[in-house]
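Okay, here's what each chain looks like letter by letter:
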Amino acid sequence: MASGSFVFGFMSALSIVLAVFVGSYYYLKHTRWKHSNIKGYLDLIPDLTGDQRQKVQNIRRTFLPRVERIRQDLCQKRMALARALFSESADRSGVHSAAQDILKCQSELEHAVIEHILEEKEILTESQRLDFFHIILQQFAQGGLGVHDINAGRKS
């Protein structure tokens, strides 16, 4: 009788643990999918109308490829800086020149993001602009480009 109770208890506990793991897996999978669908700051504003969402998509058709091009250029410039830093005869003027190229690229990226935010702001209502303002404050306080860096930081 004791072994039957033990097996029943063990199977019950195993079933509960399995259910918790399966539930956690699906919850985390859904949460990750939800966050990976964020492509920009306005995705964090829940009450956009269909027309506003369409305008956002139109804005992104030009903005996202431009930002991707700038990011790729920035990556290449950083690799050039690394090569200049670690070459056998590191030329200080070449290193500083590579660093200046990076600064120009970063500046171009910042300007593109600023223009993008100004363009997006125009399609919002006053209450949405306030929400947008708070989102921008929070994202900028974290440094970098906020949600626009999601794909750069995570390749899944």
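Residues numbered from 1 in each chain as written. Predicted model: local features only at pLDDT ≥ 70, side-chain atom pairs only at ≥ 80, totals over all residues. Heavy atoms only, no water.

Draft legend 1. Expanded view of the overall build of the protein. On a plain count of helices and strands, the protein comes out with five helices and zero strands. Each helix and strand of the protein, ordered N terminal to C terminal, gives the series α-α-α-α-α. Residue burial in the protein is summarised as follows: out of 156 residues, 24% are buried. By sequence separation, contacts in the protein at least 24 residues apart represent 73% of the contacts at least 6 residues apart. Accessible surface, the protein as shown: approximately 11100 Å² in total, 62% of it carbon and sulfur. (Helix = DSSP H or I, 4+ residues; strand = E, 2+ residues; numbered from the N terminus. Buried < 20%, exposed > 50% of the residue type's maximum accessible area, 1.4 Å probe, protein only. Contact = heavy atoms within 4.5 Å. Areas by Shrake-Rupley, 256 points an atom, 1.4 Å probe, with all protein chains shown as cover.)

Draft legend 2. How the structure looks around a nonpolar patch on the surface. Together, Phe 6, Val 7, Phe 10, Met 11 and Leu 14 line one region of the surface with nonpolar side chains, adding up to about 530 Å² of accessible area. Looking at the element boundaries, Phe 6 is found in helix H1 (residues 2-36). (Patch = residues over 30% accessible without salt bridge, like charges linked within 9 Å, V, L, I, M, F, W, Y side chains within 5 Å. Salt bridge = Lys/Arg side-chain N within 4 Å of Asp/Glu carboxyl O.)

Draft legend 3. Quick look at helix H4 (residues 126-141). For H4, spanning 16 residues, the distance from its first C-alpha to its last is 23 Å, which sits close to the expected 22 Å at 1.5 Å a residue. Every buried residue belonging to H4 is among Gln 128, Phe 132, Ile 135, Ile 136 and Gln 139, and all of these are buried. Buried residues of H4, seen end-on, are gathered within an arc of 105 degrees and therefore sit on one face of the element. Along H4, the residues that are exposed and aim more than 90 degrees away from the buried face are Glu 126 and Ala 141. The first or second residue beyond H4 is Gly 143, which carries a positive phi of 85 degrees. (Expected span 1.5 Å × (residues − 1). Arc of directions from axis to C-beta.)

Draft legend 4. Geometry of the packing of helix H2 (residues 50-85) against helix H3 (residues 92-121). Closest axis-to-axis distance for the H2/H3 pair is 9 Å, and the angle between their directions is 165 degrees. What the angle tells us is that H2 and H3 run roughly antiparallel. In this structure, the crossing between H2 and H3 has a hand that is left-handed. When its residues are assigned to classes, the contact of H2 with H3 shows 17 nonpolar, two polar and 10 charged. (Axes fitted to C-alpha atoms, helices over the stretch in contact; angles between N-to-C directions. Parallel < 35°, antiparallel > 145°, perpendicular 65-115°, else oblique. Left-handed = near helix turned anticlockwise from the far one by under 90°. Nonpolar A, V, L, I, M, F, W, Y, C, P; charged D, E, K, R; others polar.)

Draft legend 5. Region of interest: the pattern of salt bridges. Taken as a whole, this structure holds five salt bridges when the rule is applied. The partner of Lys 55 in a salt bridge is Asp 51, with the nearest N and O atoms 3.4 Å apart. Taken together, the positions of Lys 55 and Asp 51, both in helix H2 and four residues apart, correspond to about one turn of that helix.

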